[in-house]
Amino acid sequence: MSIWNKKEIKTKKQILKHDIEVDTLIIGAGMTGMTTAYYLKDKKNVCVVDASKIGHGVTLNTTAKINYFQEKIYTKIMKSRDKNTAIKYLKSQRYAINLIKNIIKKENIECDFKRVPSYVFASTSNEIEDLKKEVNFLLEQKIKVKEKKLPLNIKSYESYCVNDTYIFNPIKYLQGIYDIIKNNIPVYENTKIVKIDKLWTHYNCYTNDHKIKAKNVVIACHYPYFTIPFYLPIKSYIEKSYIIISKTDNDLGFTCINTSSPTYSCRFYDDGNNIYQISLSENHNTAFKQNDEYHFKKVKETFNLKGSDILMKYTNVDIMTPDNLPFIGKLKPNMYIASGYNTWGMTNSILASRIISDIIQNKQNRYQDMFDPTRFNISNIKQLPYILFSQTKSFIGPKINKNKYWYNDNVYFEKKDGKNVAIYKDKKGIEHIVYNKCPHLGCSLIFNKIEKTWDCPCHSSRFNLDGKCIKGPSIYDITYKK
Ligand SMILES: Cc1cc2nc3c(=O)[nH]c(=O)nc-3n(C[C@H](O)[C@H](O)[C@H](O)COP(=O)(O)OP(=O)(O)OC[C@H]3O[C@@H](n4cnc5c(N)ncnc54)[C@H](O)[C@@H]3O)c2cc1C
């Protein structure tokens, strides 16, 4: 369920049917993988694979604001790193906005790309000081930020806005990119990479049935399982947010976000027939709060949404990094990664695509050192206790404390053949039985009552009612077999 996939992306529906050899393999066909393919479109022998369908990962449930006024990110970076890094991050985000603008304009991609003002506001009086710090930083960098009243019926104190930011429909954008690259670059859907071996001259990447021999590998699959040496589990945590799509009469034509957690964020989308308000809030580390129904209720109350106008409810997750900068670049010789976008993946995926495609083509990119994915700095050390605590809590918590909310919804737990299983009984009384353990690192799964999925609180793998893996890092299903 998503506001963006009312129309499926039309593709050739290619599936890998035999072993192949390529120069560059891109794993993941979301914003990152597809835009990287776009930048490599004139190179020979590139291919993209996706475990699911194009754009059906985190990109499907994004709110798709293309924005550099990102709550109080510059103040956070000044704290976690230094002022120069914050300035460089600002430049990188504006550079990324220009890159996506140029692609859409040059290629004439119809994706409802629209310039709109973006507001950042203080939702409590405590946030005012932080907001002012952020605004002063931007003014110092000669960004035109104006104080302006937030045009939304939501509790706000001060608010500021910039005008050179954008919104779009990411699935229409990916359709446009696919149409441009499809004759040169095969995109194999429903093709999951389950293993990568490094050899002297190349990588062997395996699906369940075939092998792809590749000189370069780009890991663009959001949370990769096959890069443990990169220590992502101890360098990041997962943040979950709750999104409600409602019908509205007016396209108020702006985006907004506040400066603290929980985030209150909103934008509008006019698909030509109807106008929708996309409201998001209640973001939290997946290790801690687990009552989806309660969080959706809070989003509805925060944005004063009428029940009758609500069309869809869904959750989404992104990877958060200790120093608020993404991980983009070279992981090992000829292996590249793009991850940890801290919920600002529209700009950062474009930036990652440009940086990685530049490195592959032996071009220098001015931002490549800044996002070095192998970095381990003082922010990592400072946040390590928090990350380890949340990982431990999400590992042990559900094992010993079965969440009381689960039991109200026909979900229960048993041992079958000596293994822990979870059972969901649907309205017709049919039992859907799954193993209650994430195949990634063994965390117990939590039932998502609203979306009817089994979610891993540790690293965000998701499974449907019958145990099919619908989001990594797990590469295996949890279907119970008698
Ligand atoms: C609630 C929410 C709202 C957001 N709103 C915004 C916003 O307004 N603006 C903004 O800038 N950012 C936003 N973001 C962030 C942004 O949506 C994401 O960072 C971005 O979409 C990530 O894109 P991606 O291509 O890296 O990952 P994905 O879109 O997840 O793509 C990864 C792909 O890899 C595939 N894959 C995974 N494992 C394998 C495997 N083993 N083999 C093959 N394929 C595999 C998946 O199927 C998937 O299609 C938001 C995030 C959240 C959580």
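Residues numbered from 1 in each chain as written. Predicted model: local features only at pLDDT ≥ 70, side-chain atom pairs only at ≥ 80, totals over all residues. Heavy atoms only, no water.

A.B. asks: What is the right way to look at the sheet that holds strand β21 (residues 446–448) in this model?
C.D. replies: Across a sheet, paired strands are connected by hydrogen bonds in the backbone, their directions being either parallel or antiparallel. Within the open sheet, the 4 strands sit side by side as β21-β22-β23-β24. Their pairing is antiparallel. In this open sheet, the two edge strands, each paired with only one partner strand, are β21 and β24 (469–471). Sheet topology note: the β21/strand β22 (residues 453–455) ladder contains 3 bridges and is antiparallel. The residue of β22 that forms the bridge with Asn-448 is Thr-453. (Pairing = 2+ DSSP bridges. Helix = DSSP H or I, 4+ residues; strand = E, 2+ residues; numbered from the N terminus.)

A.B. asks: Looking at this model, I keep getting lost on the site of the ligand. Mind explaining?
C.D. replies: Residues in contact with the ligand amount to 36 residues; listed here are only the nearest, Thr-32, Asp-50, Thr-59, Thr-63 and Met-346. One nitrogen or oxygen atom from the side chain of Thr-32 is found 2.8 Å from an oxygen atom belonging to the ligand. Met-346 is positioned with one of its backbone polar atoms (N or O) 2.7 Å from an oxygen atom of the ligand. Mapped by element, the contributors of at least two residues to the shell around the ligand are α1 (31–39), β11 (237–248), β15 (310–320) and α8 (345–360). Looking at the shell around the ligand residue by residue, the classes come out as 17 nonpolar, 15 polar and 4 charged. (Near = heavy atom within 4 Å. Polar contact = N/O pair within 3.5 Å; in protein donor to acceptor, adjacent residues only side chain to side chain. Nonpolar A, V, L, I, M, F, W, Y, C, P; charged D, E, K, R; others polar.)

A.B. asks: Explain the environment of Glu-134 here, please?
C.D. replies: Of note, Glu-134 is situated in helix α4 (residues 128–140). It is 5.8 Å that separates the C-alpha atoms of Glu-134 and Lys-72, two residues lying 62 residues apart in sequence. If sequence neighbours within four positions are ignored, Glu-134 has contacts with Phe-69, Gln-70, Glu-71, Lys-72, Ile-73, Tyr-74 and Thr-75. (Contact = heavy atoms within 4.5 Å.)

A.B. asks: I keep staring at a nonpolar patch on the surface and nothing clicks. Help me out?
C.D. replies: Among the surface-exposed residues, Tyr-231, Ile-234, Phe-376, Ile-378, Ile-381 and Leu-388 lie close enough to one another that they form a single nonpolar patch of about 580 Å² accessible area. Ranked by the residues each element gives to the nonpolar patch, the list is headed by helix α9 (residues 378–400), at 3 residues. (Patch = residues over 30% accessible without salt bridge, like charges linked within 9 Å, V, L, I, M, F, W, Y side chains within 5 Å. Areas by Shrake-Rupley, 256 points an atom, 1.4 Å probe, with all protein chains shown as cover. Salt bridge = Lys/Arg side-chain N within 4 Å of Asp/Glu carboxyl O.)

A.B. asks: It is not clear to me how the nonpolar core should be interpreted in this structure. Could you clarify?
C.D. replies: Nonpolar side chains tend to gather and get buried jointly when the protein is soluble and globular. By size, the foremost hydrophobic cluster in this structure holds 84 residues, and its most contacted members are Met-34, Tyr-74, Tyr-89, Phe-168, Tyr-173 and Phe-371. The leading source of residues in this core is helix α3 (residues 83–106), at 11 residues. If we skip the residues at most four places from it in the chain, Phe-371 touches Tyr-89, Ser-92, Leu-325, Pro-326, Phe-327, Ile-328, Leu-351 and Ile-355. Formed by 27 residues, the second largest nonpolar core is a distinct cluster that contains Ile-212, Phe-226, Leu-232 and Ile-337. (Core = buried A, V, L, I, M, F, W, Y, C linked by side-chain atoms within 4.5 Å. Buried < 20%, exposed > 50% of the residue type's maximum accessible area, 1.4 Å probe, protein only.)

A.B. asks: What's the story with α1 in this structure? I'm lost.
C.D. replies: Structural remark: α-helix, 3.6 residues per turn; residues separated by three or four positions point the same way. When you tally the buried positions in α1, you get 9 out of 9 residues, the bulk of the element. Every buried residue of α1 is accounted for by Met-31, Thr-32, Gly-33, Met-34, Thr-35, Thr-36, Ala-37, Tyr-38 and Tyr-39.

A.B. asks: I tried to follow the sheet that holds strand β18 (residues 411–416) on my own but got confused; where do I start?
C.D. replies: Here we have 3 strands laid out as an open sheet, ordered β18-β19-β20, and antiparallel in their pairing. At either margin of the open sheet sits one strand with a lone partner, and together these are β18 and β20 (431–435). Going from strand to strand, the sheet's axes swing by 30° on average, the running direction of each strand aside. The pairing of strand β19 (residues 419–425) with β20 spans 5 bridges and is classified as antiparallel. Bridging from a neighbouring strand, Tyr-424 pairs with His-432 of β20. (Axes fitted to C-alpha atoms, helices over the stretch in contact; angles between N-to-C directions.)

A.B. asks: Looking at this structure, how should I read the pairing of strand β12 (residues 255–258)?
C.D. replies: For a regular strand, side-chain orientation follows a simple rule: the groups alternate between the two sheet faces. Here β12 shows no split at all, with Thr-255 and Ile-257 on one side and Cys-256 and Asn-258 on the other all buried. Sheet topology places strand β4 (residues 114–121) next to β12; 4 bridges connect them, and they run parallel. Bridged to Ser-118 within β12 is Thr-255. Taken together, the 2 bridges between β12 and strand β13 (residues 265–270) define a ladder with antiparallel strand orientation. For Ile-257, the partnering residue across the bridge sits in β13 and is Ser-265.

A.B. asks: Can you walk me through the packing of aromatic side chains in this structure?
C.D. replies: Aromatic ring pairs are reported here in terms of the distance separating the ring centres and the angle at which the planes meet. Going through the model one piece at a time under the given rule, you end up with 18 aromatic pairs. On the numbers, 5.0 Å between centres and 70° between planes, the contact of Trp-4 with Tyr-269 is edge-to-face. Here Trp-4, found in the segment before β1 (20–27), pairs with Tyr-269, found in strand β13; they are 265 residues apart in sequence, far enough to count as distant. We classify Trp-4 as buried; its relative accessible area is 2%. Its relative accessible area of 5% is what places Tyr-269 among the buried residues. Geometrically, the ring pair formed by Tyr-435 and Tyr-480 is edge-to-face, given 5.5 Å between the ring centres and 65° between the ring planes. Here the residue Tyr-435 occupies a position in strand β20, and Tyr-480 occupies one in the segment after β24, the gap between them amounting to 45 residues. Under the relative-accessibility criterion, Tyr-480 is labelled buried at 14%. Sitting over the face of the ring of Tyr-206, Lys-195 holds its NZ or CZ atom 5.0 Å from the ring centroid. Over the face of the ring belonging to Phe-327 we find Lys-235, whose NZ or CZ atom lies 5.1 Å from the ring centre. (Phe/Tyr/Trp six-rings, centres within 6.5 Å; stacked < 30°, edge-to-face > 60°. Lys NZ or Arg CZ within 6 Å of the ring centre and 35° of its normal.)

A.B. asks: Looking at this structure, how should I read the environment of Ile-310?
C.D. replies: Topologically, Ile-310 is positioned in strand β15. With residues near it in sequence (within four places) discarded, Ile-310 still touches Ile-244, Ile-245, Ser-246, Lys-300 and Leu-305.

A.B. asks: Explain the environment of Leu-252 here, please?
C.D. replies: As for its position among the elements, Leu-252 is in the loop between β11 and β12. The partly exposed category is assigned to Leu-252, whose relative accessible area is 40%. Distance from Leu-252 to Ile-275, taken between C-alpha atoms, is 9.7 Å for residues 23 residues apart in sequence.

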